[in-house]
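Working through the structure, step by step
Next come the chains, spelled out residue by residue.
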Amino acid sequence: MEDYLGSLIAWLGGFLLLALIILLLPFVISVIRGHRYKWVILVLCVFGVFGLPWIAAFIWSVWPSQSSLAEPILGNPTGTGIRNIGDTLGAVDVGKSRGRVTEQLTWKGGESDRNSVSISRNWVIYGLNPLGQPIRFIFDSTKRQGETIVIGRSSIDCEFLIDDPSVSRRHAEILIEQEGVFIRDLNSSNGTRINGQRILAVPTAMPLSGTVSVGAVVLEFSGS
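As the structure is a prediction and not an experimental result, all values here were calculated from the model. Here the residue numbering is sequential within each chain, running from 1 through the sequence in written order. Where local features are concerned, this predicted model is filtered to residues with pLDDT of at least 70; where side-chain atom pairs are given and counted, the filter is 80 or more; whole-chain, interface and lining totals use all residues. Side-chain measures here rest on the full set of heavy atoms in the structure, leaving out hydrogens and waters.

Overview of the nonpolar core
Counting 22 residues, the largest nonpolar core has Phe-139, Phe-160, Ile-162 and Ile-174 as its most contacted members. Where helices and strands are cited, they refer to DSSP runs of H or I of at least four residues and of E of at least two residues respectively, numbered from the N terminus. The set of elements that each furnish at least two residues to this core consists of strand S1 (122-128), strand S2 (134-140), strand S3 (148-152), strand S5 (172-177), strand S6 (180-185), strand S10 (209-214) and strand S11 (217-223). When near neighbours in sequence (up to four residues on either side) are disregarded, Phe-139 contacts Arg-121, Asn-122, Trp-123, Ile-125, Arg-144, Ile-149, Ile-174, Ile-176 and Val-181. Note on terminology: a nonpolar core comprises buried Ala, Val, Leu, Ile, Met, Phe, Trp, Tyr and Cys residues joined through side-chain atoms within 4.5 Å. Relative accessible area decides the class of each residue, using a 1.4 Å probe on protein chains only: under 20% of the type maximum gives buried, over 50% gives exposed, and in between gives partly exposed. In terms of nonpolar packing, the next biggest core, distinct from the first, is built from 9 residues, Leu-23, Tyr-37, Trp-54 and Ala-57 among them. What makes two residues a contact is simply this: any of their non-hydrogen atoms within 4.5 Å.

Below you can see the structure in the form of C-alpha cells.
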C-alpha cells in the first residue's frame, strides 16, 4: 500500500511539473527572446490555464515582429496603425518609456521643429557597414503609425537587419507615433547614438536629418 501511494505521489508530482512547464512555456520563450511584452504574456499564461489566452500567449511569444497582440491574432486587418490594447499593456515591460509618455519628451527646437518632425513622411536610413557593403532602409511614417521597427542582427526578430558583430541581436527600435518618429536603445552591448549622443531605453525624437550609430555601424538618415 505504501509503495502504491509513493508511486501515485511521484506520478502526480511529475504530471504537475510537466503541466507547469507547458503552462509557462510561452513566458520562457518570451524571456529567451527578450520579448517586449513578456510580463503580459506571463499574465495570459497564468490566467489562461491552457485555454484561448494561453494559445494567444504562445502565438504572441513566437511572433517575429513582437508587435501588439492584435497583429499576431488578427493580422492588423484595418491597417490603421492605431495603438491597441497590446501596446498599452506592453508598457508593463518597458515602464514609462512606452505608450503616451513619448508625448512628454522635451523638444530642444521651437514649435516649428516639432511640427516638421510630426509631418515628415518619407524616411530613409542609409550608409555602409564596416565591410563597405551598402545599407538602405526606407519607410513611410504616415502608413505605419503605431508600429515599431526593430533594428539588429537577428534575421528572425528584426525588420531592419544589420549583419555586423558590433550590433546586438535586438539592438534598437524605431517608434512611429502620430507625434513623430522616435528611437530607443534595447539595452544593446555597444549602444545607439544619434548625432554622436548616446541614447537610452527612453524614446528619443529623431530630427529631420543626422546620423545614427548602431554599434560600430554609422548611418545617415533623413525625413521629408
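Observations regarding helix H2 (residues 25-33)
Here H2 has its buried residues at Pro-26, Phe-27, Ser-30 and Arg-33. Around the axis of H2, the buried residues are gathered within 130 degrees of arc, so they sit on the same side. This arc is built from the directions going out from the helix axis to the C-beta atoms.

Let's talk about the sheet that holds S10
If you trace the 6 strands from one edge of the open sheet to the other, you get S2-S1-S11-S10-S7-S8, paired in antiparallel fashion. A strand with exactly one partner marks an edge of an open sheet, and here the two such strands are S2 and strand S8 (197-199). Taking the axes of each pair of neighbouring strands and ignoring which way they run, one obtains an average angle of 25 degrees across the sheet. For strand S7 (residues 192-194) and S10, the ladder comprises 3 bridges, and the chain directions are antiparallel. Residue pairing in the sheet places Arg-193 in a bridge with Ser-213 of S10. Strand pairing is assigned whenever DSSP detects at least two bridges linking the two strands. Axes here refer to lines fitted to C-alpha atoms; in helices the fit is confined to the stretch in contact. Angles between the N-to-C directions go from 0 to 180 degrees.

Digging into a nonpolar patch on the surface
Here a patch means residues that are over 30% exposed by relative accessible area and free of salt bridges, tied together within 9 Å if like-charged and within 5 Å if nonpolar (Val, Leu, Ile, Met, Phe, Trp, Tyr). Reported accessibility uses the Shrake-Rupley method at a 1.4 Å probe radius. Residues are deemed covered only where the shown protein chains occlude them. What counts as a salt bridge is simple: a side-chain nitrogen of Lys or Arg found within 4 Å of a carboxyl oxygen of Asp or Glu. There is a patch of nonpolar side chains on the surface, built from Leu-8, Trp-11, Leu-12, Phe-15 and Leu-16 and spanning about 530 Å² of accessible area. Following the sequence through the fold, Leu-16 ends up in helix H1 (residues 2-23). Residue classification places Leu-16 among the exposed positions, given a relative accessible area of 57%.

Notes on unusual backbone geometry
In this model, Asn-187 sits at a positive phi of 55 degrees, which is unusual for a non-glycine residue. For Asn-187, the location among the structural elements is in the loop between S6 and S7. A positive phi angle is found at Asn-195, which is not glycine, with a value near 50 degrees. Tracing the chain through its elements places Asn-195 in the loop between S7 and S8.

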